Amino acid sequence: MIAELQTLVAIARFGTFAAAGDRIGLTQAAVSGQMKRLEERLGIKLFERTGRSATLNAAGLRTLERAKSIIAMFEHIADPVDEASGGELRVGAIASVQSALLARALGPFRLRFVNHHLRVVPGVSLHLLDLLDAGELDLAVLIEPPFGLPKNLIWRPLVREPYVLAVPEKLQGDDWRTLLREQPFIRYDRSSFGGRQVDRFLRSHSIVPRESVEVDDIAGIAALVGHGLGVALLPVVDGSPPPVAPIRMVPLSEPGFYREIGILQPQESTPAAICLAECLMATQQ
């Protein structure tokens, strides 16, 4: 299976079955046979085939990113883990994942890296992306950037969190458009990726809210709503609203309005970073 995954990566890198075969020492027929076996093993089609050409489809692109991580883990599988001296893993994480996704992943991570020191660096997604690109982080859990990523970084989606309208519990009405236009609005900070999503959503519906407060903290925004200071567009974090009261959630008639949380890491990651990424992925299975 590792050989097939390595061939898949080569095809993506060099563009065609023939070019990949030339680089890794296989005939085009052998490359084609490996990809057929890989598709049969996974139970999905990885390529859109037209005549003699084959292009990775959406499932193929997702598999490609996972294949890179699996290959990296395989290459380090025999590396000794010096549990006596340990090491440090620098992880960037937006506030809303620290007590949920990240916390659940740390238990399995500790089973292998017992004495590793984990340093969690908080921040908005854009700041964490900059730190990762500068080599100051080993891995980051953040909102999917709305632009292209540097080629040396791998994006792995974890979870989609739909947005809802949070309103004070005693506030009447379920028409989210009317509530947004008439009530004071507590805004998700526009310097964050999530805040930019909210801003684009409001603009797309020609809604000009009555600005009240702007905050970059999901729990903090929910608390302000609970104190009756306004309404807010919030993502449903970890499958449930923020644990504060008294607020209620008004669903939006926009099923495509969500934020995607994922893992961003260098293609050449450390064994500890690869392990934590796999532990994070396992929390969603």
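Worth saying up front: this structure is predicted, and the values here are computed from it rather than measured.

Student: Got a minute to help me understand the side chain of Ser96 in this structure?
Tutor: Relative to the helices and strands, Ser96 resides in helix α5 (residues 95–98). Among the polar contacts made by the side chain of Ser96, one reaches the side chain of Arg259 at a distance of 2.7 Å. Excluding its chain neighbours within four sequence positions, the residues that come into contact with Ser96 are Ile218, Val237 and Arg259.

Student: Could you clarify how one ought to interpret the state of the cysteines in this entry?
Tutor: Here, the word disulfide means a covalent bond between the sulfur atoms of two cysteines. For the structure shown, the criterion picks out 0 disulfides. Free of any disulfide, Cys275 has its nearest neighbouring cysteine sulfur in Cys279, separated by 4.2 Å. Its relative accessible area of 10% is what places Cys279 among the buried residues.

Student: Sorry if this is basic, but what is going on with the packing of aromatic side chains here?
Tutor: To describe a pair of aromatic rings, you give the distance between the ring centres and the angle between the ring planes. Within this structure, the stated rule accounts for 6 aromatic pairs. Between Phe17 and Phe47 the ring centres are 5.3 Å apart and the planes differ by 75 degrees, which places this aromatic pair in the edge-to-face class. Of this pair, Phe17 sits in helix α2 (residues 17–24) while Phe47 sits in strand β1 (residues 47–50); the two residues are 30 residues apart in sequence, bridging distant segments of the chain. Comparing Phe17 with Phe47, the two get one shared label, buried.

Student: Explain the nonpolar core to me, please; I cannot follow it from the model alone.
Tutor: The tendency in soluble globular proteins is for nonpolar side chains to be buried side by side. Judged by nonpolar contacts, the single largest core of 64 residues is most densely connected at Leu165, Leu180, Leu233, Leu276 and Leu280. In terms of residue count, the dominant contributor to this core is helix α11 (residues 271–282) (8 residues). In this structure Leu280 touches Leu101, Leu102, Ala105, Leu139, Val141, Leu158 and Ile263, once residues within four positions along its chain are discounted.

Student: So what exactly am I meant to see when it comes to the side chain of Ser125 here?
Tutor: Mapping Ser125 onto the fold places it in helix α7 (residues 125–133). Look at Ser125 and you get buried, because its relative accessible area is 2%. The contacts of Ser125, once residues within four sequence positions are left out, are Ile94, Leu142, Ile143 and Phe193.

Student: Explain the pattern of salt bridges to me, please; I cannot follow it from the model alone.
Tutor: If charged atoms from side chains of opposite charge come close, those side chains can pair. Applying the stated criterion across every chain, the model contains 12 salt bridges. Measuring nitrogen to oxygen at the nearest pair gives 3.0 Å for the salt bridge that ties Arg156 to Glu278. Placement of the pair is Arg156 in strand β6 (residues 153–168) and Glu278 in helix α11, with a sequence separation of 122 residues. Take Arg156: its relative accessible area is 6%, and that puts it in the buried class. Of the charged contacts in the structure, one is a salt bridge between Glu214 and Arg190, with a shortest N-O distance of 2.7 Å. In this pair, Glu214 sits in strand β8 (residues 210–215) while Arg190 sits in the loop between β7 (184–188) and α9 (193–204), placing the two residues 24 residues apart along the sequence. Ionic contacts of the salt-bridge type, sharing partners, join the residues Arg187, Asp199, Arg203 and Glu211 into one network.

Calculation criteria
- Within every chain, residues take consecutive numbers counted from 1 along the sequence as written.
- Totals for whole chains, interfaces and linings use every residue, but because this is a predicted model, local features are given only for residues with pLDDT of at least 70 and side-chain atom pairs only at 80 or more, for both listing and counting.
- Side-chain numbers come from the whole structure's heavy atoms, not from hydrogens or water.
- Only DSSP runs of H or I covering at least 4 residues are called helices, and only runs of E covering at least 2 are called strands; the numbering of each starts at the N terminus.
- The definition of a polar contact used here is a pair of N or O atoms within 3.5 Å, where within protein one atom must be able to donate a hydrogen and the other to accept one, and adjacent residues in sequence count solely through side-chain atom pairs.
- Only heavy atoms enter the contact rule, under which two residues are in contact if any of them lie within 4.5 Å.
- Defined by distance alone, a disulfide is two cysteine sulfur atoms within 2.5 Å.
- To sort residues, take the accessible area from a 1.4 Å probe on protein chains only and compare it with the maximum for the residue type: under 20% means buried, over 50% means exposed, and anything in between is partly exposed.
- Note on aromatic pairs: the rings of Phe, Tyr and Trp (six-membered ring only in Trp) are paired at centre separations within 6.5 Å, and the planes decide the class, stacked below 30 degrees, edge-to-face beyond 60, tilted for the rest.
- Nine residue types can take part in a nonpolar core, namely buried Ala, Val, Leu, Ile, Met, Phe, Trp, Tyr and Cys, and a core is a set of them joined through side-chain atoms within 4.5 Å.
- Salt bridge, as applied in this entry: a Lys or Arg side-chain nitrogen positioned within 4 Å of an Asp or Glu carboxyl oxygen.

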